[in-house]
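What the coordinates show
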Amino acid sequence: MDTTRFKSKGFYIPGIITLIIFAGLVTLPLFGSLYNVILITTLLMYANLTVSWVLFSGLTGYMSLATAAFFGVGIYASALFLPITGAELPILVVVLIGGLASSIIAFGAGALTLRLRGIYFTIFTFGLVVLIMELLNWWELSVNKILNRYIMLVDNNYIFYVMLGLFVLVMLTFFFIRRSKFGLAMRSIGENEEAASHMGINVTMVKIVTFAISAFFMGATGAIWATKLSYINPHEAFKVLISFLPVLMAIFGGMGHIYGPVIGAVIFAYLQETLQTKFSEIYMLSFGVVLVLAILYMPHGLVGLIQKVWRRISGGKRVHT
Amino acid sequence: MYILEGEGVTKYFGGLAAVDGVDFRVDQGEVVGLIGPNGAGKTTLFNLISATYSPKPGIIRFKDIDITHKKPYQICRMGIARTFQMVKIFGNLPVIENVRAGAFFGKSTSVSSANATKDSLELLEYMGLSQVANTPARDLTLANQKRLEVARALATKPELLLLDEMMAGLNQAEVAGAMQLITSIKDRGITIVMIEHVMKAIMNVCDRIIVLHHGKKIAEGTPQEIATSESVIEVYLGEDHHAGSE
């Protein structure tokens, strides 16, 4: 069993590739077509959700299906504060509100339910999506008498840069938490929660705080994503598929390495975007097949497979530039 | 002042008293054995001390401080560490990370990463686990997993260590090693309460023994006193007899 997958093995190559990709992303609006900017915004959106999901669920082993709830709360923050009649607050402030509102809900929900384990926690988080959606639905229809809310248009390059900024933030957070003492506490909880608590780890606090951090990025991502949707209503904002996709993307990419969830999300989302337009009939079906194959033959995801192949090519030696 | 003291400690599961009005006292620096037939309530008593459960009714004090309603992590930070009957190591983490977790979080004061690593390496050396420091914990032998649990507990810098059947499943040589280890931990000034079925170990390393039966304390004394106690012999022979008749 390879334990070095937690450590930076051959730091230079991934570091340089990361820098090149980052430079390419920052300058993308200068040379890329509008289509590419929009496409990559979408890929980044899924990457944000997947990394946020892994940040909590991947490390603690608590499988959350609340992603759609936090994403939807972010979308609604934009719907309320960025109506088509004109922004009531600066966009970045609204993104922050979307994140914070999700965090607060995660904090409350976490305090109530992180005592639940396994499938009970998962079911609850899924229930949270439905609960918030139905509450908003009732509020909109019965109190506000509104069917749809129209959101102001925002420049695509601006959306792209905010999404990219969030992506950098969530990656840095993920990177530093994984390496920190806090990350060790989370992994201990994932390994054996009872032992962790007897080891001096305040398990409840660690779980709630991480759940809230993860929810922050989901909410913020939802808030900026909303500006791409011309109108929303509760059923559009809270799509249950959004809860499942990050899980699939994380499994597909592999959770043992920091790049896994990103690669999984990017490839998965790219396939979705292209297949959906070309083969709308069978794209969900082909996803299912790919996923089954991934779980059966790539237990550590795509990144695990790449590492295995790489090790075979390089003869098991460490590779430096 | 006793390092650990319990008064009328009781725990019901449904209608059944797993631990029934047990009084106990542990002096600083002692090695106390906790014995009794299966189902006597030994592990439940450990779970009560380490706050997995709260006694109802009953009071537990650690150095004269009431710890009856504290949480497990608070108990640990106050200076009580434990191991588990069924090992609960962090299997997918390297051995060193298991110990570092204890070193980081076991004390209420903040520990730097460098110090946690240094302390953990020293402990692994002390436990004879240096060779496997980077091995995932689940790949260790049972004896080494049990030593790892002790190392992880010691990393929290406890004053009181609760060992739950550390020797179960070990071979003769490993039992001898474990006995040496207990004496050596005692020499570090750490008080030990241990649940054990290996009589040879209990009789040799314990200063005092407490005997539980059906959740009640039926005897307490030095190993010699316990070995000759009528009521203890009756309980054990009684059980043998009972087990034989089945």
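Quick word on the sheet that holds strand β8 (residues 191-195) of chain B
All names here are of chain B. Here we have six strands laid out as an open sheet, ordered β6-β7-β8-β3-β9-β10, and mixed in their pairing. For this open sheet the edge positions go to β6 (80-82) and β10 (216-221), each flanked by a neighbour on one side alone. When the angles between neighbouring strand axes are averaged without regard to direction, this sheet yields 20 degrees. By the bridge criterion, four bridges tie strand β3 (residues 31-35) to β8 in an arrangement that is parallel. Its bridge partner lying in β8, V31 is registered against I192. Here helix α6 (residues 172-187) sits on the sheet and contacts β3, β7 (160-164) and β8; the angle it forms with β8, its principal contact strand, is near 150 degrees.

Regarding the side chain of N233 of chain A
All names here are of chain A. Here N233 lies in the loop between β2 (231-232) and α10 (234-237). Residue classification places N233 among the buried residues on the basis of a relative accessible area of 15%. In terms of polar contacts, N233 uses its side chain to reach the side chain of N148, at 2.7 Å. Not counting residues up to four positions away in its chain, the partners in contact with N233 are Y76, L147 and N148.

Topic: the interface of chain B and chain A
Opposite the 29 residues of chain B that make contact, chain A presents 20 residues. Together chain B and chain A conceal approximately 2200 Å² of surface at their shared face, both sides included; 64% is due to carbon and sulfur atoms. Area buried by chain B at its contact with chain A is led by Y73, F90 and F105 of chain B, which between them contribute 27% of it. In this assembly, chain B and chain A are joined by one salt bridge. Here E194 of chain A and K88 of chain B are joined by a salt bridge, their closest N and O atoms 3.0 Å apart. One can count seven residue pairs in polar contact (both at pLDDT 80 or more) joining chain B with chain A.

Description of the sheet that holds strand β4 (residues 59-62) of chain B
The strands making up a sheet associate through backbone hydrogen bonding, with each pair oriented either parallel or antiparallel. All names here are of chain B. Ordered by their spatial adjacency, four strands build an open sheet running β2-β1-β4-β5, and the pairing between neighbours is antiparallel. Single-partner strands in this sheet number two, and they are β2 (16-26) and β5 (65-66). Looking at chain direction, strand β1 (residues 4-13) and β4 are connected through four bridges and run antiparallel. What sits directly across from G6, in β4, is I60.

Reading the values: the criteria
- Residues numbered from 1 in each chain as written.
- Chains lettered and ligands numbered in written order.
- Predicted model: local features only at pLDDT ≥ 70, side-chain atom pairs only at ≥ 80, totals over all residues.
- Heavy atoms only, no water.
- Pairing = 2+ DSSP bridges.
- Helix = DSSP H or I, 4+ residues; strand = E, 2+ residues; numbered from the N terminus.
- Axes fitted to C-alpha atoms, helices over the stretch in contact; angles between N-to-C directions.
- Contact = heavy atoms within 4.5 Å.
- Buried < 20%, exposed > 50% of the residue type's maximum accessible area, 1.4 Å probe, protein only.
- Polar contact = N/O pair within 3.5 Å; in protein donor to acceptor, adjacent residues only side chain to side chain.
- Buried area = accessible area lost by both parts, 1.4 Å probe.
- Salt bridge = Lys/Arg side-chain N within 4 Å of Asp/Glu carboxyl O.

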